[in-house]
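Summary of the model geometry
Okay, here's what each chain looks like letter by letter:
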Amino acid sequence: MEFLHRPHAPHAAALPRADGLRWRWRHLTGLAIVLGALTIWTQQLLQAPWLQGPGVSGALMGGSMAALATALGTLPVLLSQKFSQRSHDTMLGFGAGVMLAASAFSLIIPALAAAKEQGAGSWGAAGTVGLGIGAGALLLLLVDRVVPHEHFVKGLEGPQARAMKRVWLFVLAIAVHNLPEGLAIGVAYAGTDPLGALALATGISIQDVPEGMVVALALRGVGYGRVRSAGLGVLSGLVEPVAAVFGAAVIGLSASLLPWGLAAAAGAMLYVISHEIIPESHRAGHERWATCGLMLGFILMMVLDTALA
């Protein structure tokens, strides 16, 4: 009897593996369809008359590139890949470094230059940019307090948070996190340095790949399925093209708003770096790895910004 059952053992073991491969390909195909639809939607949206203003179409393209990078980062979750907590913290540090360099080289320095081009002296330009940075940080502080959301570590924040489903609290938290990045891309494209804006969008897109993976893996770690975790990761990136278009459209109303917009975007990004990313990357005792990731991200973004300028 044992001999009769032996030929069936490999076949029985192979069935779950084959089903798993079919499952993976099915969901990878679904993700590819979603990304293709997003690309077509972006191309059609670019033809809209209200997006023909200076900088707006570029902002949409830059924001869409960041959104696609975020979606790309969710692929390891669909493929059931696992990463250590140390790898998570290193990738978070890398993203913080990119955002920190982008705040300095792509936003604050151009904001000072724009203020001086508009006739402000050294003290006037510094004061304008300083106030703008403070305004951007204050905006994110208010959003963080008003919008109900849930952090992966700190838990519930904002009014009525306990009355909402946990998954939507995570989505709102991710949206708050990605909002400054989209605004920064839009404001940069509304400026007078298209190469600098391209460098900023490229740097943010590079750090959005590991960021999308970290978000999806974190959602997976708190109990969500692979498809839902990857889907929410993709959804989180859609905030960036919307915010980018909004930022470019607002700056397009008046050139005098450019230094304020650049500085406010920098302040919002600095708030997210200090309030969210660095504490999260240090919570598990991998500060050294997170710091090395931050340095690498900072250097990469600095090279991109100066080489493309």
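Cut-offs applied
Sequence positions are assigned chain by chain, starting from 1 and proceeding in written order. Note on the predicted model: pLDDT of at least 70 is required for a residue's local features to be given, and 80 or more for side-chain atom pairs to be given and counted; whole-chain, interface and lining totals, by contrast, use all residues. Heavy atoms from the whole structure form the basis of all side-chain values; hydrogens and water molecules are not counted. Only DSSP runs of H or I reaching four residues or more are called helices, and only runs of E reaching two or more are called strands; each is numbered from the N terminus. Burial classes follow relative accessibility: with a 1.4 Å probe on protein chains only, a residue under 20% of its type's maximum area counts as buried, one over 50% as exposed, and anything between as partly exposed. Areas reported here follow the Shrake-Rupley algorithm with a probe of radius 1.4 Å; residue values treat only the protein chains shown as occluding. Whether two residues touch is decided by their heavy atoms; if any such pair falls within 4.5 Å, the residues are in contact. Any Lys or Arg side-chain nitrogen found within 4 Å of a carboxyl oxygen on Asp or Glu counts as a salt bridge. All axes are obtained by fitting lines to C-alpha atoms, using only the stretch in contact for helices, and the reported angles, taken between N-to-C directions, cover 0 to 180 degrees. Roughly parallel means an angle under 35 degrees; roughly antiparallel, over 145; roughly perpendicular, 65 to 115; everything else is oblique. For any pair of crossing helices, the crossing counts as left-handed if the nearer helix is rotated counterclockwise from the farther one by less than a right angle, and right-handed if it is rotated clockwise. The nonpolar class holds Ala, Val, Leu, Ile, Met, Phe, Trp, Tyr, Cys and Pro. Asp, Glu, Lys and Arg form the charged class, and all remaining residues, Gly among them, are polar. Two N or O atoms count as a polar contact when they lie within 3.5 Å, although within protein this holds only if one can serve as hydrogen donor and the other as acceptor, and sequence-adjacent residues are included solely when both atoms are side-chain atoms. Whether two aromatic rings pair depends on their centres lying within 6.5 Å, for rings of Phe, Tyr and Trp, where Trp uses its six-membered ring; planes under 30 degrees apart make the pair stacked, over 60 edge-to-face, and the rest tilted. We call a charge positioned over a ring when the NZ of a Lys or the CZ of an Arg lies within 6 Å of the ring centre and within 35 degrees of the ring normal. Here the term patch refers to residues with relative accessible area over 30% and no salt bridge, with like charges joined within 9 Å and nonpolar side chains (Val, Leu, Ile, Met, Phe, Trp, Tyr) within 5 Å. In this scheme, a helix's expected span is set at 1.5 Å multiplied by one less than its residue total. To get the bend at a given residue, fit one axis to the seven residues ending there, fit another to the seven starting there, and take the angle between those axes. The quantity known as pLDDT measures the predictor's confidence residue by residue, on a range of 0 to 100.

1. Some remarks on the overall build of the protein chain
- Summing up its helical and strand segments, the protein chain has twelve helices and two strands in all.
- Tracing the protein chain from N to C terminus, the helices and strands come up as α-α-α-α-α-α-β-β-α-α-α-α-α-α.
- Relative to its full complement of 309 residues, the protein chain shows a buried share of 44%.
- A total accessible area of about 15200 Å² is found for the protein chain, and carbon and sulfur atoms account for 69% of it.

2. Focus on the environment of Leu270
- With respect to the secondary-structure elements, Leu270 resides in helix H11 (residues 258-282).
- Taking the C-alpha atoms as reference, Leu270 lies 9.6 Å from Ala104; in sequence the two are 166 residues apart.
- Contact partners of Leu270, with chain neighbours within four places excluded, come to Leu100, Ser103 and Ile133.

3. Some details on the pattern of salt bridges
- Scanning all chains against the criterion turns up one salt bridge.
- Here Arg283 ties to Glu280 by a salt bridge, and the two come within 3.1 Å at their closest N and O atoms.
- Residue Arg283 is classed as partly exposed on the basis of its relative accessible area, which comes to 45%.

4. Considering the packing of helix H5 (residues 85-117) against H11
- Relative orientation of the contacting elements H5 and H11 amounts to 160°, with a least axis distance of 9 Å. The angle between H5 and H11 places the two elements in the roughly antiparallel class. Judged by the sense of rotation from one axis to the other, the crossing of H5 with H11 is left-handed.
- Split into classes, the residues belonging to the contact of H5 with H11 amount to 23 nonpolar, four polar and two charged.

5. Brief notes about the side chain of Asn178
- The topology assignment puts Asn178 in helix H7 (residues 166-190).
- In terms of polar contacts, Asn178 uses its side chain to reach the backbone carbonyl oxygen of Ser236, at 2.8 Å.
- Discounting chain neighbours no more than four positions away, the residues touching Asn178 are Glu211, Ser236, Gly237, Val239 and Glu240.

6. Some remarks on the packing of aromatic side chains
- This model, assessed by the stated rule, comprises one aromatic pair.
- Ring plane angle 65° and centroid distance 5.9 Å describe the contact between Phe105 and Phe298, whose orientation is recorded as edge-to-face. Of this pair, Phe105 sits in helix H5 while Phe298 sits in helix H12 (residues 287-308), and the two are 193 residues apart along the sequence.
- Taking the relative accessible area as the measure of exposure, Phe105 reaches 25% and is therefore partly exposed.
- Taking NZ or CZ as reference, Arg86 lies 4.3 Å from the ring centre of Trp289, over its face.

7. Focus on a nonpolar patch on the surface
- Residues Phe246, Val250, Leu253 and Leu257 make up a contiguous nonpolar surface patch of roughly 390 Å² in combined accessible area.
- Here Phe246 lies in helix H10 (residues 239-252).

8. A look at H5
- Relative to the 48 Å expected for 33 residues at 1.5 Å per residue, H5 spans 47 Å between its end C-alpha atoms, a close match to the ideal helical length.
- Of all bends in H5, the biggest is about 30°, found at Ala102.
- Positive phi appears at Gly119, one or two residues downstream of H5, with a value of about 105°.

9. Some details on helix H6 (residues 122-146)
- Relative to the 36 Å expected for 25 residues at 1.5 Å per residue, H6 spans 36 Å between its end C-alpha atoms, a close match to the ideal helical length.
- Every buried residue of H6 is listed here: Ala125, Thr128, Val129, Gly132, Gly136, Leu140, Val143 and Asp144.

10. A short note on the packing of helix H3 (residues 56-73) against helix H9 (residues 226-237)
- For the pair H3 and H9, interaxial distance at closest approach is 8 Å and the crossing angle is 165°. The angle between H3 and H9 falls in the class roughly antiparallel. Note on packing geometry: the crossing formed by H3 with H9 is right-handed. On H9, the residues touching Ala67, Thr70 and Ala71 of H3 are Gly233, Val234, Ser236 and Gly237.

11. Details of the confidence of the model for the protein chain
- Overall, the prediction assigns the protein chain a mean pLDDT of 78, with 72% of residues at 70 or greater.
- Low pLDDT, under 50, characterises residues 1-15; the predicted model gives this stretch zero contacts beyond four residues in sequence or across chains.
- Predicted confidence for residues 160-164 stays below pLDDT 50, and this span has nine contacts to residues more than four positions away or in other chains.

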